[in-house]
Amino acid sequence: MKLFRTAFGAALLVTCLGQPALATTQNVIFNGTITPTCTLVIATNGTMTISPDLQTLSSHNSGGSAGTVTLTTTGGVSLSVDPVTTTTVPSADTTSTTWTPTYSSAGAHSIVETGSATAISTPGADLVSVHLAGTKGGSNRFANGNYQATVTLRCE
């Protein structure tokens, strides 16, 4: 009987050597999560010029220009501008100025000029134009000298 089992095992082995191996498969699953993100890259800084009545210093005035920022987002974010907190004015300018930042965008998302937050729900890339206007009230006027203000564009 032992000889029979050995002979049978050897015959089975020889038979199996001529046969292809049975194939098996398994699926490998990949998962990924993308959180709402955006990037802002400054393309150009803006330029403010004075109005003829000397009461408005703005990127909208003749000769002025918007600052430009490239925005790329996955969507699910909000775009906004913060109130201006950092300014430099000449010492001769002693009256108060009201600073008003605004923005608009063109590209994947068309946003009409606003100073309010805008929800962006879809992915894409945009060119954002950032404007700034400084305004004097009453009989106050801008004095000669260099002015600088910082606008923070926020995407979160």
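Let me sum up the structure you'll find in this document. (Residues numbered from 1 in each chain as written. Predicted model: local features only at pLDDT ≥ 70, side-chain atom pairs only at ≥ 80, totals over all residues. Heavy atoms only, no water.)

Here we come to the overall build of the protein chain. Within the protein chain one finds one helix and twelve strands. Listed by position from the N terminus, the elements making up the protein chain come as α-β-β-β-β-β-β-β-β-β-β-β-β. Taken over 156 residues, the protein chain has a buried fraction of 29%. For the protein chain, the accessible area works out to roughly 10400 Å², and carbon and sulfur atoms hold 58% of it. (Helix = DSSP H or I, 4+ residues; strand = E, 2+ residues; numbered from the N terminus. Buried < 20%, exposed > 50% of the residue type's maximum accessible area, 1.4 Å probe, protein only. Areas by Shrake-Rupley, 256 points an atom, 1.4 Å probe, with all protein chains shown as cover.)

As a further point, take the side chain of Asn 61. Relative to the helices and strands, Asn 61 is located in the loop between strand 3 (56-58) and strand 4 (67-73). Residue classification places Asn 61 among the buried positions, given a relative accessible area of 17%. Engagement of the side chain of Asn 61 in a polar contact is seen with the backbone oxygen of Thr 56, the distance being 3.1 Å. The residues contacting Asn 61, other than those within four sequence positions of it, are Thr 49, Ile 50, Ser 51 and Thr 56. (Polar contact = N/O pair within 3.5 Å; in protein donor to acceptor, adjacent residues only side chain to side chain. Contact = heavy atoms within 4.5 Å.)

Attention shifts here to the sheet that holds strand 9 (residues 118-120). Pairing is antiparallel across the open sheet formed by three strands, whose spatial order is 9-5-12. The open sheet has two edge strands, strand 9 and strand 12 (153-155), and neither has a second partner. Across this sheet, the average inter-strand angle for adjacent strands is 20°, counted without regard to direction. Alignment of strand 5 (residues 77-81) against strand 9, held across three bridges, turns out to be antiparallel. Residue Val 77 lies in a different strand from strand 9, and its bridge partner there is Ile 120. (Pairing = 2+ DSSP bridges. Axes fitted to C-alpha atoms, helices over the stretch in contact; angles between N-to-C directions.)

Under the criterion given, the structure shown has three salt bridges. The salt bridge partner of Asp 93 is Lys 136, with a shortest N-O separation of 2.6 Å. Pair noted here: Asp 93 is in the loop between strand 6 (86-88) and strand 7 (98-107) and Lys 136 is in the loop between strand 10 (124-135) and strand 11 (148-150), with a separation of 43 residues, a long-range link. Here Asp 93 matches Lys 136 in class, with each residue buried. Two residues, Arg 154 and Glu 156, come together in a salt bridge whose shortest N-O distance is 3.9 Å. For Glu 156, a relative accessible area of 57% translates into the label exposed. Sharing partners across several salt bridges, the network here consists of Asp 82, Arg 154 and Glu 156. (Salt bridge = Lys/Arg side-chain N within 4 Å of Asp/Glu carboxyl O.)

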